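So the chains spell out like this:
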Amino acid sequence: MILDKKRMQHGTLYGNNKNELLSSITTRSIERISESSSSINNELTETHKMSILEYITFAVLSVLSLSINTKGQTTQNINVLFVNEEGNLVAEKAVDVAVNYIKKNNKLGVNTEPVKVIGNRSDASALLDSLCSSYNDMLASSMFPHLVLDTTMTGMASETVKSFTAALGLPTISASFGQEGDLRQWRNIDENEKEYLVQILPPADIIPEIVRTIVLNQNITNAAILFDNYFVMDHKYKSLLQNVATRHVIAPIKEPEKIGDQLRQLRKLDIVNFFILGSFENIKRVLDAADSVGYFNRKFAWHAITQDKGDLKCNCRNATIMLAKPVIDAQYQDRLGLIKTSYQLNAEPEIAAAFYFDLALYSFLAVKEMIADGAWKRNNATNYITCDEYDGKNSPKRIGLNLKKYFNKDTSETPTYGPMSIISNGYSFMEFNMQLSAVGVRESSSDKSIPLGTWKAGYDSNLTLLDPQNMKNYTADVVYRIVTVEQKPFIIKDETAPKGYKGYCIDLIQRISEILNFDYEITPVSDQKFGNMDENGKWNGVVRELMDKRADIGLGSMSVMAERENVIDFTVPYYDLVGITILMKLPKTPTSLFKFLTVLENEVWLCILAAYFFTSFLMWVFDRWSPYSYQNNREKYKDDEEKREFNLKECLWFCMTSLTPQGGGEAPKNLSGRLVAATWWLFGFIIIASYTANLAAFLTVSRLDTPIESLDDLSKQYKIQYAPLNGSSTMTYFQRMANIEAKFYEIWKDMSLNDSLSEVERAKLAVWDYPVSDKYTKMWQAMKEAELPNTLDEAVDRVRDSRSSSEGFAYLGDATDIRYLEITNCDLQMVGEEFSRKPYAIAVQQGSPLKDQFNTAILQLLNRRELERLKEKWWSRNPEAKKCEKQDDQSDGISIQNIGGVFIVIFVGIGLACVTLAFEYWWYKYRKGSKVVDVQGAPHVKHPDMMSKINDGFNAKVNKLYPRSRF
């Protein structure tokens with residue numbers, strides 16, 4: 001206790017001279033009453049002396065407190081110790097007016113000359129010295145205080161007064177700030193002490209409660225509460241918005257030149273609702289600073305709360321402010337006007353001056369009534385001790401001294417501003433109303449003021465609104481800042497879209513905003529990364545923006561990762577588990593109409609053609625010079641049915657047709673010609689058999705070119721380079737897997753080379769091969785050598801530039817990205833199964849209330865199957881999807897693209913035949929002059945001898961053309 005410390009510092013100044021002090025007081029009392037007290041027996045015991053002294057003291061006090069005025073009316077003099085703090089001039093002036101008021105109104109029957117003590121809010125020791133000095137002087141002058149009127153506001157000054165009055169048991173009316181429990185020195189007083197240690201809250205302590213009411217009414221989720229010296233908010237930091245889901249900052253208004261920076265700092269904390277508690281002058285300074293930094297738009301809401309009367313002014317270009325100011329009830333206006341004009345109660349704020357005036361007046365009248373009723377005598381209220389006599393245990397007891405009861409009695413004095421509601425400490429205050437209005441300021445002048453309603457001062461008091469729907473027009477639109485990374489089909493840049501973007505996530509956040517009733521702005525992050533942590537523990541991308549409070553929401557195909565959850569929060573997943581997979585160029589089987597000709601190399605075809613002509617020529621030579629050929633031995637073969645003369649034309653035809661299933665027809669008659677034909681047949685059989693087998697194998701092998709089917713296949717080859725995006729979660733996965741393998745290797749090596757192990761233990765570890773795979777270490781090294789692409793477009797271009805599916809570049813990334821590229825491009829394919837699967841979720845700031853709100857909204861969308869509809873819209877029915885031609889399957893037959901050449905051969909052969917026919921017709925008709933005989937018009941030969949003559953003539957012509965060879 002403060003008094004304990006005071007007593008220890010100064011010692012018991014009067015402790016050893018207690019009897020002398022009391023004797024001095026007794027002597028002065030006896031002189032004022034009579035001389036009979038001199039007969040008091042000096043032989044009485046100390047106890048008897050104390051009883052007599054107390055009785056005489058009370059008698060003196062009673063006599064001194066009575067006086068007769070000129071009119072014969074009794075006036076009660078009361079002793080008041082008035083304690084105030086520096087700067088609270090309103091209270092000091094109001095108390096002076098109240099003292100003057102009771103002096104001029106003799107009918108009240110009370111008079112006082114308060115002993116004033118003014119202290120500093122932060123200097124408890126000096127204030128305690130002043131209190132003890134003034135109090136001791138009052139006791140020394142037999143002016144035993146009936147009342148301590150305390151108008152200290154807060155801080156050490158207030159606590160010092162509370163400690164002083166509680167320790168000495170002095171009846172007190174306090175107007176200090178703070179609810180129950182905030183006055184620490186009165187926190188543990190008993191029920192009896194609460195009857196004479198009374199606290200009544202000033203208007204400046206109850207007015208801030210309107211902030212809580214507005215926050216609840218408007219469902220405000222963030223707030224900055226700025227106040228000036230007229231308000232005390234030290235005790236409001238926890239209680240004002242307790243149990244309200246609103247992030248808030250309570251801070252004093254800074255110097256005028258620093259207010260702009262103060263507002264910017266609050267904006268960085270994602271605050272858009274501002275409450276200014278202060279005088280109109282200070283409110284104007286804050287509003288002017290807000291206008292200079294551009295904080296008057298639909299994203300912000302401004303509330304001005306004041307004790308002053310008058311109009312709101314500011315140098316704002318275009319602003320709308322909700323103003324709350326006290327308004328006096330009509331039934332008290334005359335009373336207030338009388339006190340102001342007749343007694344010069346002109347201190348500002350008006351409501352505070354009226355409160356302190358009524359507080360002092362009602363306190364004086366309450367004490368007067370208590371004295372008149374004999375409450376002081378009945379309740380042993382005359383037992384006073386000095387500060388130095390207090391030892392921490394001897395506080396005077398005021399049993400039944402109910403100051404609160406008498407203060408709450410009805411009096412003939414009309415309230416100056418509003419009636420006092422006395423309930424208990426921390427909950428007693430003056431009743432009054434606050435008027436709410438929307439003030440519009442255009443070009444530094446108020447152009448309109450729209451009444452909104454009223455608020456009756458009190459705890460948990462509701463607003464009385466003229467039009468509840470109209471209040472929505474004066475709230476800040478809930479506009480969340482969203483950062484994202486463009487990634488199809490989740491986030492797609494589209495200038496024609498309402499927010500400049502479209503995609504799966506845009507549709508998702510739009511539906512969430514409809515459920516939670518908010519608006520949003522989308523901004524892409526500069527580095528186009530979701531966020532990775534470097535070696536120094538610093539983050540980039542979306543995660544950095546959320547950590548620095550520059551964004552509220554991180555939207556996109558963002559994977560939930562453990563290290564990210566350490567610095568930001570994620571909602572429930574909105575998408576299935578998504579893993580990593582491979583993007584490669586789609587292999588295309590080369591097609592050719594004359595593909596059947598590519599089975600054999602050109603040299604082979606030339607050799608076959610040369611063999612064909614050579615064999616045909618050789619067969620003609622053998623038939624021309626062989627004596628056993630038909631043309632050289634016609635008589636021998638004249639009776640044969642087949643009579644074929646193998647001239648050069650017939651030899652070419654024979655060799656050609658021998659290679660077909662039709663066969664070559666009649667073979668040469670001579671043995672040498674038949675050997676040539678047989679050799680040609682054997683050659684043709686081998687060539688055709690080889691060609692047929694190679695053709696089938698060639699067409700089949702060309703469709704079996706699928707070298708990569710999984711990540712393992714990719715890791716085991718070196719012709720295809722592969723890599724993920726630089727800075728992506730896929731890169732982080734492979735990098736960390738490689739680091740884990742390296743750490744495992746170091747652990748295994750340390751175990752194997754540990755000299756402290758026994759031979760048996762070392763033998764168990766003595767393996768020839770490293771027991772853990774180094775797959776990811778090799779892959780990570782290959783990725784670094786391949787150079788990681790910085791953007792998805794760069795990766796896709798490198799994939800497209802691949803020579804084939806077995807040589808080039810493969811991209812490793814999120815399966816959703818690769819699946820989208822596959823359905824929107826006909827030259828790309830997804831290879832292998834997904835691995836390292838993680839869910840997609842929306843990111844928010846750590847500890848943000850949006851997490852729970854978004855969780856609820858996403859679960860609602862999930863139950864309504866909205867997420868499935870979005871997936872179908874952006875995957876199954878995506879407008880960018882392409883209808884690609886189906887690739888030839890191994891079970892399919894040979895396509896027309898590969899075998900169509902044979903049809904061309906037919907058409908070319910038919911064309912040549914037509915040309916040949918035309919040439920033959922022209923040759924025989926015009927070049928030879930031959931007559932074309934109409935077979936139908938020729939006479940029918942009936943006689944055999946005539947037919948014989950025709951045959952003989954034909955044979956003679958043949959012999960003339962082909963004479964027999966002579967050897």
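Residues numbered from 1 in each chain as written. Predicted model: local features only at pLDDT ≥ 70, side-chain atom pairs only at ≥ 80, totals over all residues. Heavy atoms only, no water.

Participant: Describe in detail the nonpolar core, supporting the description with residues and values.
Facilitator: F164, F275 and L359 are the most contacted members of the largest nonpolar core, which totals 120 residues. Residues in contact with L359, not counting those within four places in the same chain, are L149, I173, A175, I200, F407 and M420. Of all hydrophobic cores here, the second largest spans 34 residues; its members include I509, I522, Y840 and A857. (Core = buried A, V, L, I, M, F, W, Y, C linked by side-chain atoms within 4.5 Å. Buried < 20%, exposed > 50% of the residue type's maximum accessible area, 1.4 Å probe, protein only. Contact = heavy atoms within 4.5 Å.)

Participant: Help me get a handle on the sheet that holds strand β26 (residues 720-723), residues and values and all.
Facilitator: Taken in spatial order, the four strands make up an open sheet running β26-β27-β25-β28, and their pairing is mixed. Strand pairing shows two members of the sheet lacking a second neighbour, β26 and β28 (828-840), which therefore form its edges. Taking each pair of neighbouring strands and ignoring which way they run, the sheet shows an average axis angle of 20°. Sheet topology note: the strand β25 (residues 575-585)/strand β27 (residues 808-814) ladder contains four bridges and is antiparallel. Residue pairing across strands places I580 opposite D814, the latter belonging to β27. Packing of helix α23 (residues 729-752) onto the sheet brings it into contact with β25, β27 and β28, and relative to β27 it is tilted by some 100°. (Pairing = 2+ DSSP bridges. Helix = DSSP H or I, 4+ residues; strand = E, 2+ residues; numbered from the N terminus. Axes fitted to C-alpha atoms, helices over the stretch in contact; angles between N-to-C directions.)

Participant: Describe the pattern of salt bridges, with residues and values.
Facilitator: Here the idea is simple: oppositely charged side chains can pair when their charged atoms come close. Going through the model one piece at a time under the given rule, you end up with 40 salt bridges. A salt bridge links K309 to E350, with the shortest nitrogen-to-oxygen separation between them at 3.0 Å. Here K309, found in the loop between β12 (301-305) and β13 (318-327), pairs with E350, found in helix α13 (residues 350-372); they are 41 residues apart in sequence, far enough to count as distant. For K309, a relative accessible area of 46% translates into the label partly exposed. (Salt bridge = Lys/Arg side-chain N within 4 Å of Asp/Glu carboxyl O.)

Participant: Describe the state of the cysteines, naming the residues involved and giving the relevant values.
Facilitator: Under the defined criterion, the tally for this structure stands at three disulfides. A sulfur-sulfur distance of 2.3 Å marks the disulfide that ties C132 to C387. The chirality of the disulfide connecting C132 with C387 is left-handed, given an S-S dihedral of about -100°. One end of the pair, C132, is in helix α5 (residues 124-140); the other, C387, is in the loop between α14 (375-378) and α15 (403-407), with 255 residues separating them in the sequence. Through a disulfide, C314 is tied to C316; the S-S separation comes to 2.4 Å. Judged by the sign of its S-S torsion, about -135°, the cystine formed by C314 and C316 is left-handed. (Disulfide = S-S within 2.5 Å.)

Participant: Residues and numbers for the side chain of S421, please.
Facilitator: The topology assignment puts S421 in strand β14 (residues 420-421). Residue classification places S421 among the buried positions, given a relative accessible area of 15%. Beyond its immediate chain neighbours, meaning those up to four positions away, S421 contacts Y427, S428, F429 and E431.

Participant: Which residues make up unusual backbone geometry, and what values go with them?
Facilitator: Going from E348 to P349, the amide bond is cis rather than trans, its omega being 0°. For P349, the position within the fold is in the loop between α12 (333-343) and α13. Residue P489 is reached from K488 by a cis peptide bond, and omega for that bond is -5°. By the element assignment, P489 lies in the loop between β19 (479-484) and β20 (492-493). In the Ramachandran plot, N517 falls in the positive-phi region, its phi being about 60° despite a non-glycine side chain.

Participant: Residues and numbers for the side chain of Q218, please.
Facilitator: Note on placement: Q218 falls in helix α8 (residues 209-218). Within the structure, the side chain of Q218 is placed 3.1 Å from the backbone oxygen of M471, a separation counted as a polar contact. With near-sequence residues (within four places) excluded, Q218 lies in contact with M471 and T475. (Polar contact = N/O pair within 3.5 Å; in protein donor to acceptor, adjacent residues only side chain to side chain.)

Participant: So what about a nonpolar patch on the surface? Which residues, and what values?
Facilitator: Side chains of I740, F744, I747, M751 and V772 sit close together on the surface and give an oily, nonpolar patch of about 410 Å² of accessible area. Here F744 lies in helix α23. (Patch = residues over 30% accessible without salt bridge, like charges linked within 9 Å, V, L, I, M, F, W, Y side chains within 5 Å. Areas by Shrake-Rupley, 256 points an atom, 1.4 Å probe, with all protein chains shown as cover.)

Participant: Provide a residue-level description of the packing of aromatic side chains, including the pertinent values.
Facilitator: The full count for this structure, using the stated rule, is 37 aromatic pairs. Each ring, one from Y135 and one from F164, has its centre 5.6 Å from the other, and the planes form 90°; the classification is edge-to-face. One end of the pair, Y135, is in helix α5; the other, F164, is in helix α6 (residues 155-168), with 29 residues separating them in the sequence. By relative accessible area, Y135 is classed as buried at 0%. Each ring, one from F617 and one from W620, has its centre 5.9 Å from the other, and the planes form 40°; the classification is tilted. Here F617 and its partner W620 are both found in helix α19 (residues 602-625), three residues apart, which amounts to about one turn of the helix. Relative accessible area serves as the criterion here: at 27%, W620 is assigned to the partly exposed category. Connected via pairs of aromatic rings, a cluster forms that spans F274, Y295, F296, F300 and W302. (Phe/Tyr/Trp six-rings, centres within 6.5 Å; stacked < 30°, edge-to-face > 60°.)

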